[in-house]
Amino acid sequence: MVKLSPKRITAFVPVSLQMLAQDSVGIEAAIRNDIMKAIAEKVEATILSDNDGTAGPKGMFYNVTPTSVTNFANLTGVEAAVEAANVMGDCKYIVTPSAKAALRNLPMSAKTTRLVMENGEIDGTPAYVSTLLKDTTNSANILYGDFSNLAIGQWGGVQLD
């Protein structure tokens, strides 16, 4: 069981009198969209971090030793390890831009010209790129799992003060 506790996220959007004078009708929607985008980026960056939970929520890379993926066999080994942990849902990949570049140049084997990542998929599994997922030293990060099991608790909505 995971204990959820509230954390706060704040966003700051500078508003000038000139901005209000130029577009008073759509400015509120633009400001709200900017705030919502900033909050979504912060939540994603926190989830994909190695935060230890002392200054905010724990990240998915907290206390995790990444597996080195240098060939297709390593990648299928990661999938097998996830499935051995009874994660059998709709698994997907999240990769850094540098991991995407490496996988798009990595052949599945010496006997084929097929690459590990083609058409936004890694061996037929959807792969999403996030610049908020950070590379570690000498390694491009890749996440694999059923992210529909990720729970984010929210207490209340966005409040503008």
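Look above for the structure.
What you see is a predicted model, and the numbers here were worked out from it, not measured in a lab.

Rules used in this analysis
Residues numbered from 1 in each chain as written. Predicted model: local features only at pLDDT ≥ 70, side-chain atom pairs only at ≥ 80, totals over all residues. Heavy atoms only, no water. Core = buried A, V, L, I, M, F, W, Y, C linked by side-chain atoms within 4.5 Å. Buried < 20%, exposed > 50% of the residue type's maximum accessible area, 1.4 Å probe, protein only. Helix = DSSP H or I, 4+ residues; strand = E, 2+ residues; numbered from the N terminus. Contact = heavy atoms within 4.5 Å. Pairing = 2+ DSSP bridges. Axes fitted to C-alpha atoms, helices over the stretch in contact; angles between N-to-C directions. Salt bridge = Lys/Arg side-chain N within 4 Å of Asp/Glu carboxyl O. Phe/Tyr/Trp six-rings, centres within 6.5 Å; stacked < 30°, edge-to-face > 60°.

*Asks:* Looking at this structure, I do not really get the nonpolar core. What am I missing?
*Replies:* Here is a general trend for soluble globular proteins: nonpolar side chains tend to be buried in one another's company. Judged by nonpolar contacts, the single largest core of 15 residues is most densely connected at Leu75, Tyr93, Val95, Leu103, Val116 and Ile122. Listed by contribution, the elements that provide at least two residues to this core are helix H3 (72–84), strand S1 (92–95) and helix H4 (97–104). Looking at this core, the element that brings in the most residues is H3, giving 3 residues. When residues no more than four places from it in sequence are discounted, the contact partners of Tyr93 are Leu75, Glu79, Ile122, Thr125, Pro126, Ala127, Tyr128, Ile142, Leu143 and Tyr144.

*Asks:* Explain the sheet that holds S1 to me, please; I cannot follow it from the model alone.
*Replies:* Across the sheet, which stays open at both edges, the 5 strands sit in the order S2-S3-S4-S1-S5 with mixed pairing between neighbours. Edge positions in the sheet fall to strand S2 (117–118) and strand S5 (142–145), since each of these pairs with one other strand and no more. Packing against the sheet, H3 makes contact with S1, strand S3 (121–122) and S5, and its axis sits at approximately 40° to S5. Across the sheet, H4 lies against S1, S2, S3, strand S4 (125–129) and S5, angled at about 115° from S1, the strand it touches most.

*Asks:* Teacher, can you tell me more about the pattern of salt bridges here?
*Replies:* Considering all chains together, one arrives at 3 salt bridges under this definition. Here Glu28 and Arg32 are joined by a salt bridge, their closest N and O atoms 3.2 Å apart. Here the residue Glu28 and the residue Arg32 both occupy positions in helix H2 (residues 27–47), the gap between them amounting to 4 residues, near one helical turn. A salt bridge links Arg114 to Glu118; the nearest nitrogen and oxygen atoms lie 3.9 Å apart. For Glu118, a relative accessible area of 31% translates into the label partly exposed.

*Asks:* Teacher, can you tell me more about the packing of aromatic side chains here?
*Replies:* Aromatic ring pairs: the centre-centre distance and the angle between the two ring planes describe each pair. Following the criterion strictly, the structure yields 1 aromatic pair and no others. Between Tyr93 and Tyr144 the ring centres are 4.6 Å apart and the planes differ by 40°, which places this aromatic pair in the tilted class. Here the residue Tyr93 occupies a position in strand S1, and Tyr144 occupies one in strand S5, the gap between them amounting to 51 residues. Here Tyr93 matches Tyr144 in class, with each residue buried.

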